[in-house]
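Examination of the molecular architecture
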Amino acid sequence: MSRSAFTTHTAHVNDIDLAYTDEGQGAPLVLLHGHAYDRSMWDGQVKAFSEQGWRVIAPDLRGFGESEVTPGIVYTEEFVADVIALLDELQVQRAVLLGFSMAGQVAMQLVESHPERVSALIINDTVPQAEDAAGRRRRHVAADGIVSGGMDAYGESALPKMIWEDNVQRLPEVAKTVLEMIQASPLEGATAAMRGRAERNDFVETLKNFDKPALVIAGDNDAFDGGAAQRMAELLPHGELAVITNCGHTPNMENPEEFDAALGTFLGKLS
């Protein structure tokens, strides 16, 4: 059953069925969700920006939501191949691309391998560096933990990092939605993506070479940021930075008014 409020469409790409939302008319805006989330995280933005004249496309990435699960390891390049195949299916040649967290790295990989398909880039609460040996180990240990403990336990442990701890108390409905979304994620899909992230490429040079409009968005209390957003905005030749207040790793759900305003300002300048 779909968690998204919007109609589920399905495309058969790269030998899997990929579920996606496709709402509105106009220039395409592609929204990519993060690890152990699904496309329903973007429902607020799908509504807001489809009403503002954008065609908003939000897929469930391979292994998440209603899309097909492929076990083992799913690499960043495979997510990119699926997104490109979906855009081909939808006859979208160029799009504004927004990637959140894990999918920020998917977006950077897509920019690296298919720059002609991206008219502008938005990266939201992510980092561009490849994992070092310790980081790779952490990813595989985390994947092992998901396998042994299950998605319910993983969701409980991840929640105070995915949204600001203050908002777990202040925004109980948001916390509940995020927790349920993580816990509903297919275990094999979550572990396959976690292991694939351990082997991702380094995107520092990709950002330096991206000569198109770009926006970096981060929550002011993102547990994973450590100054990464500021550094990415400085790496990008045309980079802008929007820091969303009173939120953690998931600003579009924790402070949607401020998030949508920052995104809307950036998108407005593109037209």
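Preceding block: the structure.
This is a predicted model, so every value here is computed, not measured. (Residues numbered from 1 in each chain as written. Predicted model: local features only at pLDDT ≥ 70, side-chain atom pairs only at ≥ 80, totals over all residues. Heavy atoms only, no water.)

Tracing the backbone through its elements, the reader meets R138 in helix α4 (residues 133–162). Residues R138 and M194, spaced 56 residues apart in sequence, show a C-alpha to C-alpha distance of 9.8 Å. (Helix = DSSP H or I, 4+ residues; strand = E, 2+ residues; numbered from the N terminus.)

Take the packing of helix α1 (residues 43–51) against helix α11 (residues 256–270) next. Axis angle and axis distance: for two packed helices, these are the angle between their axes and the distance between the axes, and together they describe the pair. In contact at an axis separation of 11 Å, α1 and α11 are set at 45° when each is read in the N-to-C sense. It follows from the interaxial angle that α1 and α11 lie oblique. The way α1 lies across α11 gives a crossing that is right-handed. For the pair α1 and α11, the contacting residues are G44, Q45, A48 and F49 in the first and P256, F259, D260, L263, G264 and L267 in the second. Here the residues of the contact of α1 with α11 sort into six nonpolar, three polar and one charged. (Axes fitted to C-alpha atoms, helices over the stretch in contact; angles between N-to-C directions. Parallel < 35°, antiparallel > 145°, perpendicular 65-115°, else oblique. Left-handed = near helix turned anticlockwise from the far one by under 90°. Contact = heavy atoms within 4.5 Å. Nonpolar A, V, L, I, M, F, W, Y, C, P; charged D, E, K, R; others polar.)

A few words on the sheet that holds strand β7 (residues 214–219). Read from one edge of the open sheet, eight strands run β1-β2-β4-β3-β5-β6-β7-β8, paired in mixed fashion. Of all strands in the sheet, those with a lone pairing partner are β1 (9–13) and β8 (239–244), marking the two edges. On average, each strand axis in the sheet is tilted by 25° relative to the strand beside it, whichever way the strands run. In the sheet, strand β2 (residues 16–23) pairs with strand β4 (residues 54–59) via four bridges, with the strands oriented antiparallel. Within β4, the position partnered with Y20 by the bridge is P59. The strands touched by helix α2 (residues 76–89) are β1, β2, β3 (27–32) and β4; relative to β1, the strand with the most contacts, the crossing angle is about 115°. On the sheet, helix α3 (residues 102–113) packs against β3, β5 (95–100) and β6 (118–124) and is oriented at approximately 145° with respect to β5. (Pairing = 2+ DSSP bridges.)

Let us look at the nonpolar core. The biggest cluster of nonpolar side chains holds 89 residues, and the ones touching the most others in it are W42, L121, I122, V178, I182 and L267. Once residues within four sequence positions are removed from consideration, V178 is found in contact with Y37, L159, M162, I163 and M253. (Core = buried A, V, L, I, M, F, W, Y, C linked by side-chain atoms within 4.5 Å. Buried < 20%, exposed > 50% of the residue type's maximum accessible area, 1.4 Å probe, protein only.)

Take it as geometry only, folks, not as evidence of what the structure does.
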